[in-house]
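Descriptive structure summary
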Amino acid sequence: MKAIRRFTVRPVLPEALHPLSDLARNLRWSWHAGTRDLFRSVDPARWAESGADPVRLLGSVPAGRLAELAADGAFLSRLAEVRDDLREYMSGDRWYQTQTSDLPAAIAYFSPEFGLTAALPQYSGGLGILAGDHLKAASDLGAPLIGVGLLYRHGYFRQSLSREGWQQEHYPVLDPNELPVVPLSEEDGTPAQVSLALPGGRALRARIWLAQVGRVPLLMLDSDVEENGLGERGVTDRLYGGGSEHRLLQEMLLGIGGVRAVRTYCRLTGHPQPEVFHTNEGHAGFLGLERIAELGDRGLDFDSALEAVRAGTVFTTHTPVPAGIDRFDREVVARHFGADAELPRIDVGRVLALGMETYPGGEPNLFNMAVMGLRLGQRANGVSLLHGQVSREMFSGLWPGFDPEEVPITSVTNGVHAPTWVAPEVFRLGARQVGGRRTEDALSVGGPDRWDAVAEIADQEIWDLRRVLREQLVTEVRDRLRASWRQRGAGSAELGWIDGVLDPDVLTIGFARRVPSYKRLTLMLRDRDRLMDLLLHPERPVQIVVAGKAHPADDGGKKLIQELVRFADDPRVRHRIVFLPDYGMAMAQKLYPGCDIWLNNPLRPLEACGTSGMKSALNGCLNLSVLDGWWDEWFQPDFGWAIPTADGTATDDDRRDELEAGALYDLLEQRVAPRFYERGQENLPDRWIEMVRRTLTHLGPKVLAGRMVREYVERLYAPAAHAHRALTAEAAVELAAWKARVRAAWPRITVDHVEASSATTTAELGTTLSLRVRVGLGDLAPEDVEVQAVAGRVDTDDRIADAVCVPLKPVGGPDLEGRWAYEGPLSLDRTGSFGYTVRILPSHRLLASGAEMGLVAVPSEETGEGAGLLMR
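Residues numbered from 1 in each chain as written. Predicted model: local features only at pLDDT ≥ 70, side-chain atom pairs only at ≥ 80, totals over all residues. Heavy atoms only, no water.

**Quick notes on the packing of aromatic side chains**
Within the structure shown, the criterion is met by 20 aromatic pairs. Taking 5.1 Å as the distance between ring centres and 85° as the angle between the ring planes, the aromatic pair formed by Phe 676 and Trp 688 counts as edge-to-face. Pair noted here: Phe 676 is in helix α25 (residues 653–677) and Trp 688 is in helix α26 (residues 686–699), with a separation of twelve residues, a long-range link. A residue is classified by how much of its surface remains accessible, and Phe 676, at 1% relative accessible area, is buried. Chaining the aromatic ring pairs together yields one cluster made of Trp 463, Trp 641, Phe 676, Tyr 677 and Trp 688. The ring of Tyr 89 has Arg 28 sitting right over it, with the charged end atom 4.1 Å from the ring centre. A cation over a ring is seen here: Arg 574 above Trp 497, with NZ or CZ 4.1 Å from the ring centre. (Phe/Tyr/Trp six-rings, centres within 6.5 Å; stacked < 30°, edge-to-face > 60°. Helix = DSSP H or I, 4+ residues; strand = E, 2+ residues; numbered from the N terminus. Buried < 20%, exposed > 50% of the residue type's maximum accessible area, 1.4 Å probe, protein only. Lys NZ or Arg CZ within 6 Å of the ring centre and 35° of its normal.)

**Some points on the environment of Leu 481**
Positionally, Leu 481 belongs in helix α19 (residues 459–487). Classification of Leu 481 by relative accessible area gives buried; the value is 6%. Between the C-alpha atom of Leu 481 and that of Val 578, which follows or precedes it by 97 residues, the distance is 7.8 Å. Sequence-distant contacts of Leu 481, that is, excluding residues within four places in its chain, are made with Trp 497, Ile 498, Val 501, Val 578, Phe 579 and Leu 580. (Contact = heavy atoms within 4.5 Å.)

**With respect to the sheet that holds strand β21 (residues 622–626)**
The strand order across the open sheet formed by six strands is β19-β18-β17-β20-β21-β22, and the pairing between neighbours is parallel. In this open sheet, the two edge strands, each paired with only one partner strand, are β19 (577–580) and β22 (640–643). Looking at each pair of strands side by side, their axes are set apart by 20° on average, direction ignored. Here strand β18 (residues 542–547) pairs with β19 via four bridges, running parallel. Paired with Val 546 across the bridge in β19 is Phe 579. Set on the sheet, α26 makes contact with β17 (507–512), β20 (597–600), β21 and β22; between it and β21 the angle comes to about 80°. (Pairing = 2+ DSSP bridges. Axes fitted to C-alpha atoms, helices over the stretch in contact; angles between N-to-C directions.)

**So, unusual backbone geometry**
Trans is the common state for peptide bonds, and a negative phi is the common state for residues other than glycine. Between Arg 604 and the following residue, Pro 605, the backbone shows a cis peptide bond with an omega angle of 5°. Relative to the helices and strands, Pro 605 resides in the loop between β20 and α23 (612–617). Backbone geometry at Ala 52 places phi at a positive 60°, although glycine is not the residue there. Residue position: Ala 52 is located in the loop between α3 (44–49) and α4 (54–58). Judged by relative accessible area, Ala 52 falls into the partly exposed class, the value being 27%. With a phi close to 55°, Asn 683 is a non-glycine residue in the positive phi region. Topologically, Asn 683 is positioned in the loop between α25 and α26. By relative accessible area, which is 56% here, Asn 683 ends up exposed.

**Here we look at helix α1 (residues 18–25)**
All buried positions along α1 are accounted for by Pro 19, Leu 20, Leu 23, Ala 24 and Arg 25. Among the structural elements, α2 (33–42), α4, α6 (73–91), β7 (182–183) and β9 (203–213) are those in contact with the buried residues of α1.

**Some thoughts on the packing of helix α17 (residues 424–434) against helix α18 (residues 436–444)**
The contact between α17 and α18 brings their axes to 7 Å, and the two run at 125°. On the basis of the axis angle, α17 is oblique to α18. Crossing of α17 over α18 shows right-handed handedness. Between α17 and α18, the contacting residues are Phe 427, Gly 430, Ala 431 and Val 434 on the first element and Gly 436, Arg 438, Thr 439, Glu 440 and Leu 443 on the second. A breakdown of the residues in the contact of α17 with α18 according to their chemical character gives four nonpolar, three polar and two charged. (Parallel < 35°, antiparallel > 145°, perpendicular 65-115°, else oblique. Left-handed = near helix turned anticlockwise from the far one by under 90°. Nonpolar A, V, L, I, M, F, W, Y, C, P; charged D, E, K, R; others polar.)

**Side note on α26**
In this model α26 runs 19 Å from its N-terminal to its C-terminal C-alpha over 14 residues, within 8% of the 20 Å that 1.5 Å per residue would give. The complete set of buried residues in α26 reads Trp 688, Ile 689, Met 691, Val 692, Arg 693, Thr 695, Leu 696, Thr 697 and Leu 699. (Expected span 1.5 Å × (residues − 1).)

**Remarks on the sheet that holds strand β28 (residues 834–842)**
Reading across the sheet, the six strands line up as β23-β24-β27-β26-β25-β28 and stay open at both edges, with antiparallel pairing between neighbours. What marks the edges here is a single partner per strand, and that holds for β23 (750–756) and β28. With direction set aside, neighbouring strand axes in the sheet form an average angle of 30°. Sheet analysis places strand β25 (residues 785–794) next to β28, joined by nine bridges and oriented antiparallel.

**What to know about the packing of α1 against α2**
How two helices pack is summed up by the angle between their axes together with the distance between the axes. Two numbers describe how α1 lies on α2: the axes approach to 11 Å, and their chain directions differ by 130°. Comparing their axes, α2 and α1 come out oblique. Considering how the two elements wind past one another, α1 and α2 form a crossing that is left-handed. In contact with Leu 20, Leu 23 and Ala 24 of α1, α2 contributes Thr 35, Leu 38 and Phe 39. When its residues are assigned to classes, the contact of α1 with α2 shows five nonpolar, one polar and no charged.

**Structural notes on the pairing of strand β12 (residues 313–316)**
If a strand is regular, its side chains alternate between the two faces of the sheet. Taking every second residue as pointing to the same face, both faces of β12 are buried, with Thr 313 and Phe 315 on one and Val 314 and Thr 316 on the other. Pairing of strand β11 (residues 276–280) with β12 involves four bridges; the strand directions are parallel. Directly across from Thr 279, in β12, lies its bridge partner Phe 315. Bridge count for β12 against strand β15 (residues 379–382) is three bridges, and the pairing is parallel. Bridged to Phe 315 within β15 is Ala 380.

**A look at the environment of Glu 823**
Within the secondary structure, Glu 823 sits in strand β27 (residues 819–827). In this structure the C-alpha to C-alpha distance between Glu 823 and Leu 606, which are 217 residues apart in sequence, comes to 45 Å. In contact with Glu 823, other than residues within four places in its own chain, are Leu 771, Arg 772, Leu 808, Lys 809 and Val 811.

**Describing the pattern of salt bridges**
A pair can form between side chains of opposite charge whenever their charged atoms are brought close. All told, the structure shown has 66 salt bridges when counted by the stated rule. A salt bridge links Glu 307 to Lys 739; its shortest N-O distance comes to 2.9 Å. Highlighted residues: Glu 307 in helix α11 (residues 302–311) and Lys 739 in helix α28 (residues 729–745), separated in sequence by 432 residues. Here Glu 307 falls in the buried class, since its relative accessible area comes to 7%. Here the residues in one salt-bridge network are Asp 459, Asp 638, Glu 690, Arg 693 and Arg 694, joined through shared partners. (Salt bridge = Lys/Arg side-chain N within 4 Å of Asp/Glu carboxyl O.)

**Quick notes on the pairing of β21**
Along β21, five of the five residues are buried, which leaves the element largely enclosed by surrounding structure. The two faces of β21 match: Leu 622, Leu 624 and Val 626 on one face and Asn 623 and Ser 625 on the other face are all buried. Handedness of the crossover joining β20 and β21 through α23 is recorded here as right-handed. Of the strand pairs in this sheet, β21 and β22 are connected by four bridges, and their pairing is parallel. Bridge pairing links Val 626 to Ile 643 in β22. The parallel pair β21 and β22 is bridged by helix α24 (residues 629–634), and the resulting crossover is right-handed. (Right-handed = clockwise from strand over helix to strand, strands pointing away.)

**A word on the confidence of the model for the protein chain**
Low pLDDT marks stretches whose predicted atomic positions should not be read closely. The predicted model of the protein chain has a mean per-residue pLDDT of 93, with 96% of residues at 70 or higher. Across residues 866–872, confidence stays below pLDDT 50; counting only partners more than four residues off in sequence or on other chains, it has 33 contacts. (pLDDT = per-residue confidence, 0-100.)

Spelled out as structure tokens, the structure:
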């Protein structure tokens, strides 16, 4: 029979065990080995059954066992030690508190998903895992972040396979009372809520849940409250579910409701108000509108409020393709704002203008969340060096007149939270070498000096560790494969072959990620005979573990999974290649350490960063990847292999796949497998072990989320906080008025004449030219602009590359025609084809860059020397 109502009966812990509840409610347990070991000792069998979830564990332990532990002096001593360690972690000074610069008092970090632990399944893929690692690393560093997200009652889907290998989706209901979250309450004990106005006088209300991520609070909004209508209750039902309007409501709740949740949390707890707001992808972009409305309530006009909001906003883009960005029909957006809906004090036209694709190649009727994020954030970044370059090109239409390399989007390469992803066995080996505390510091804070000790670990120890991890993976794979086949309808009598799946002494390749087409799950199947030869090689076999989910609406991705599953079902190779359904954090934490090679073969440059290879590297796994994302930035042949790409414009997709698959097979056959099976002194694969050691020492410090968060603090958060403080109400009014005046005057800004001290087409290296320029400034004054000479190498079309900008200075006042003269030196500091031009940019002390306004004036074809070509 089915229950008509469900609720959770919590155990009453003996007073001596009360600290267990506090430990269970702080997600630091998910990456702190001592806390996990403590909970495991409560009841090892139930710990395993709970999925290593302390909340579920404590809800299932019998009262007798609790009473026994309450009288166990040894257990109580360990409990006190772990409790005291958490208290010190929560209150002691960490990296952030030791910095001498004036850092933000608080930073609000918004993301549509957070991958923190399998016990809180609120993520679908890399974006959420990155957000979870960002919070954990911020906690380890003592950075005062407040996370903001949504609490989805079904999370992301669970995946299984049909007998035919077709992906099946299941959406188990999540009860917040059974999750490691607590409700945020008002001072009178009532649940804290936020509310959004909807068209037709309706309202969207959401309760605020709190997940404590070490030192970082994560606020999660849940619309499944009784005060809502049926439709509104379902807004936070599924991650990335529903149609366009459903997604819009989710993103309004995340952005607008999220800011209101932050204000509520700070009011109730006394936490400092954020000086910086960081939106992780465009989903939370509406947070800027809410902050504009807040300033409007204090008397600031829209344009001035916009400048104040932009100053303290950081926007991170994670997608290298326009198709990956949420875009809404303008009428849908317009209906949810204005007098009859949310933010009635803001004109709907101003809301729409922030997100419309009003640039060449844009869709003028679509509202683009990433475009709004860029217009509402003074600072923006991609998530690897290559992705920063791709993003500057993709969004260059927002800065017309500027070359893509000058578009004000920088990059901070992603990192991963090592304490979460490093296997306990790897940690223990490091702790034996340098001590537990130093190992913890190396994994959380980083610093290359802390990783150098890996060089002292004996080859035999490294190789023994690798085999232990591979053996654990083999056991995990067999258990999961058996469960999958049972779900597919197989009986026990059919599954005896699973006991022979994989071999702990065979080269093991891992491939696990989401399954959009560009990640090319089935590239390895391009030449099936050649793949079979690799799998079944009599002396140098390989085995492959594959996992991944396709989006529920992506039948193309599901077909790729089915194609791979059918190959893996072949009795000839099923002991050497497996597909594991329901890829998630719990599986990943076993998969990354147990593989020898981590394979990644996306279509370059469509992988923004791709952090799974980082997690595997931290466990001594070597990367075999296309030069995309982070691997393009940090690859060295000392510790991995690069798959050559065939990305020329003359190569069609099919031919490209054929060429790159061939290159992959060549690498595996000729370089990877021989290196793994080659034996040197003491019958060890010396050269392979050395690559493992170099992976740890060279890549280890780079791939850390601690390094990433330190970069965000130093390069983005601190400058944003300084800009936020400088943009007082008076300064914001001044800046908005100045921008309006500059925009109105810009059509009359001209570069009228350019001349140099030498008019020859050749010159000697080291020569200094004297430039003299005459410009028209219209209604502007010299303090409103910067006149620059831009010089560098030129190509055959006279386009300048590797440009250097040299400011020119005004000489005297305007002439009789109102023109201003500017002069300055230009050094010829490189040989070869060289050229220069002159341009005028807006200039103000409160601008983050000269390109910020997207305004530039350059010479016309007839002006002076034109491009100023000097040397060939």
